[in-house]
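Inside the fold
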Amino acid sequence: MKNVLVFAEHRQGKTRKVTFELASEARRIADELGGKACAVVLGNGAGQLAQELQAYPLDAVYVNEDPAVDEYLLDPIVDYLESAAKTVGPSLILIPNTLSGRDVAGRLMVRLGAGIVADVVEVSVEAGAVVCVSPKLGGALVTHCALQPAVYGIVTIRPSAFGAARGGAGASVATLEKSSKSYAAAIEQDVEEGATEMALEEAPAVVAGGRGLGGPEPFDTLLKPLATALGGAVGASRAAADAGWVPYNLQIGQTGKTVTPKLYIAVGISGAIQHKVGMRASGTIVAINKDAAAPIAEFSDLLVVGDAFRIVPELTNLIEKAKGNVS
Amino acid sequence: MKIVVTVKLVPDPNAEKRIDAQTKRLVRSGVETVLNPYDEYALEAALQLKERAGGDSRVTVFSMSPEPLRETLRKALAMGADDAVLLADSGLEGSDVWATAYAIAAALRKLEFDLLIVGGLTDDSSTGAVPGALAEHLGLPCVTNARKIEITDGGLQVERETDVGYQTVRAPRPALLTTALTFGEPRYASLKGIMGAKKKTIAATTLGDLALELPVGTAGSKTELRSFAPPPPRSQGRTVEAADGAAGAHAIFAFLQEKKLV
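Conventions adopted
Counting restarts for each chain, with residues numbered from 1 along the sequence as it is written. Each chain takes a letter, starting from A, and each ligand takes a number, starting from 1, following the order in which they are written. In keeping with the predicted nature of the model, local features appear solely for residues at pLDDT of at least 70, side-chain atom pairs appear and are counted solely at 80 or more, and the whole-chain, interface and lining totals rest on all residues. Numbering goes from the N terminus for both helices and strands, where a helix is a DSSP run of H or I of at least four residues and a strand is a run of E of at least two. Any helix carries an expected span of 1.5 Å times its number of residues minus one. Here the C-beta atoms are placed from the backbone, and a residue counts as buried if at least 20 other C-beta atoms lie within 10 Å of its own, exposed if 12 or fewer do, and partly exposed otherwise. A pair of strands is treated as paired once DSSP finds two or more bridges between them. The axes are straight lines fitted to the C-alpha atoms, using for helices just the contacting stretch, and the angles between their N-to-C directions are given from 0 to 180°. Note on contacts: each residue gets a C-beta atom placed from the backbone, and two residues are in contact if those atoms are within 7 Å. Throughout this entry, Asp, Glu, Lys and Arg are counted as charged residues, while Ala, Val, Leu, Ile, Met, Phe, Trp, Tyr, Cys and Pro are counted as nonpolar. The remaining residues, Gly among them, count as polar.

**Details of helix 1 (residues 17-33) of chain A**
All names here are of chain A. Spanning 17 residues, helix 1 covers 25 Å between terminal C-alpha atoms, matching the ideal 24 Å at 1.5 Å per step. Buried residues dominate helix 1, accounting for 12 of its 17 residues. If you check which residues of helix 1 are buried, you get Val18, Thr19, Phe20, Glu21, Leu22, Ala23, Ser24, Glu25, Ala26, Arg27, Ile29 and Ala30. One or two positions beyond helix 1, positive phi appears at Gly34, with a value near 75°.

Rendered as structure tokens:
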């Protein structure tokens, strides 16, 4: 492991913020290891994303716009990443800890005979060894795990764990040789539904609602304006998702998403352990609840006891005013 | 239709977690263990498919553990699985993701199946890398996060959840699937199921039966656990009683200003 290789995940050229975070972190780690920092961009829109990555401190970007990447479920991506890893040579491979990233990482692990550390929030190089910090059991425990010295190692990185820093002289762009394999799992339909404009895991602020909201409407009328004012996204507790008030892709918690925004506002969420494990690592936690004894009090920086239906609109207004949007 | 489901026993997510200072591993004894929640959904999917396919369809549950933890399998059998295979061997102790996937794959190679259904994540380690690794080891198509599964002639039609919506994916059988939590609530074991589970077969295997080429356990792992500890505690927060909406909003706004968040 000498070089660092980033899997630049995107959707039809629409980049995920985590890609730039990984590109910036790759440079730092590569400098410590004394190697190169590279990225792999695949599929429709890859060329454009490769251009965007030129603004980040990478040495090389490997590209292929092979349409098979978007026609088959991850199989071509795994092939191209394997081929890029072999082109770059001994390397640490950084993959975003997302739905697709986890699948890709597990498969690449077998292809490359690599060790893997998952859901990492901190990477350091100690006496030549790559050491990773990752929260386990929903953040109840934190592990330090070292990759054994080997040709390849894989780390999946939690989105928003690192900042993205531009810089560098502009990476060289090289085309990866087209894969000639045939693939098994064909994507017939790819539909966007109930998608927030911003991926929940990547939002700097999350406004989440729970049972206390009493129905689906307040997610749009109450929480959405506040989230928009904060430049963030709306999330939900399991109770709200189970009740069918919001789609499951907004659920935060043990059986949903794990988020670590700078600001987390929990509205009408009691704070069951199931929810806590998905958001406890957030920077600042504010709760609005009717019940002063709700468990969320134990892990909030500020708990306001009161009526969310009155507080949230006033708060949204104050924030918009501060931004100069309303008088 | 032959379906294999992998299941894991994990510490009760509601229990306090303790670390053994010497082994730096989670103390599992004395902590109640439950079926990994994601695996319950995988099993539910398998049971629904079995019911739909009918005939001589079978669901086999597979589990791997350093200790012979038969309760996991009894619970799965009580839910409706037909039989179980348990790979229990103290030599598995300390296996990381690489060694775990390698050992499970070797054991699964001995089983015949049309579908292998795996929980999407494990509640205690949340690596999420095992399903992809198993597919790769076994040379199977890999379709994760399924919320709807249709068996077609020779293949599968799967609706899977993505970060932004869903995809429909066509794949041949045999294949590996993981299930989304929207697949449907796992059923409860009926009393009849619980009684019946006692008579079902749990076939035990050990590492010796698998004749592995590579080591597993700590020796076969490609990562080294250096420490395992609770995170630093959060400092005590404040509580403000809001007389009305404006008071509450001002309290939060002032706090956000103080934290430089607005």
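What follows picks up the thread again.
**Structural notes on the sheet that holds strand 17 (residues 284-289) of chain A**
Strands sit in the order 15(A)-14(A)-16(A)-17(A)-18(A)-13(B) across an open sheet of 6 strands; the sheet is parallel. For this open sheet the edge positions go to strand 15 (233-236) of chain A together with strand 13 (238-241) of chain B, each flanked by a neighbour on one side alone. Averaged over all adjacent pairs, the angle separating strand axes in this sheet is 20°, with direction ignored. Taken together, the 5 bridges between strand 14 (residues 205-209) of chain A and strand 16 (residues 263-267) of chain A define a ladder with parallel strand orientation. If you follow Ala208 of chain A over to strand 16 of chain A, its bridge partner there is Ala266 of chain A. Across the sheet, helix 7 (residues 245-258) of chain B is in contact with strand 17 and strand 18 (302-305) of chain A together with strand 13 of chain B; its angle to strand 18 of chain A comes to roughly 170°.

**Regarding the environment of Val216 of chain B**
Residue and element names in this part refer to chain B. The residue Val216 is located in the loop between helix 6 (207-210) and strand 12 (223-229) in this model. Assessed through the 25 C-beta atoms surrounding it within 10 Å, Val216 is described here as buried. A C-alpha to C-alpha distance of 23 Å links Val216 and Asp39, two positions 177 residues apart in sequence. When sequence neighbours within four positions are dropped, the list of residues in contact with Val216 reads Gly91, Leu92, Ser95, Ala99, Tyr102, Ala103 and Leu207.

**Some remarks on the interface of chain A and chain B**
Each partner contributes to the interface: chain A provides 74 residues, whereas chain B provides 70 residues. Every element with two or more residues in the side of chain A that touches chain B is listed here: helix 5 (99-112), strand 7 (115-120), strand 9 (129-136), strand 10 (141-147), strand 13 (186-192), strand 17, strand 18 and helix 9 (308-322) of chain A. No other element matches the 10 residues that helix 5 of chain A contributes to the side of chain A that touches chain B. In the side of chain A that touches chain B, the residues fall into 44 nonpolar, 14 polar and 16 charged. Bridge count between strand 18 of chain A and strand 13 of chain B: 4 bridges; the pairing is parallel. Along strand 13 of chain B, the bridge assignment pairs Val304 of chain A with Val240 of chain B.

**Thoughts on the sheet that holds strand 10 of chain A**
Overall, antiparallel pairing links the 4 strands, which are arranged 8(A)-9(A)-10(A)-12(B) in an open sheet. Only two strands of the sheet have a single neighbouring strand rather than two, namely strand 8 (122-126) of chain A together with strand 12 of chain B. Each neighbouring strand pair of the sheet contributes to a mean axis angle of 25°, computed without reference to strand direction. As paired strands, strand 9 of chain A and strand 10 of chain A are joined by 6 bridges and run antiparallel to one another. For Val133 of chain A, the partnering residue across the bridge sits in strand 10 of chain A and is His144 of chain A.

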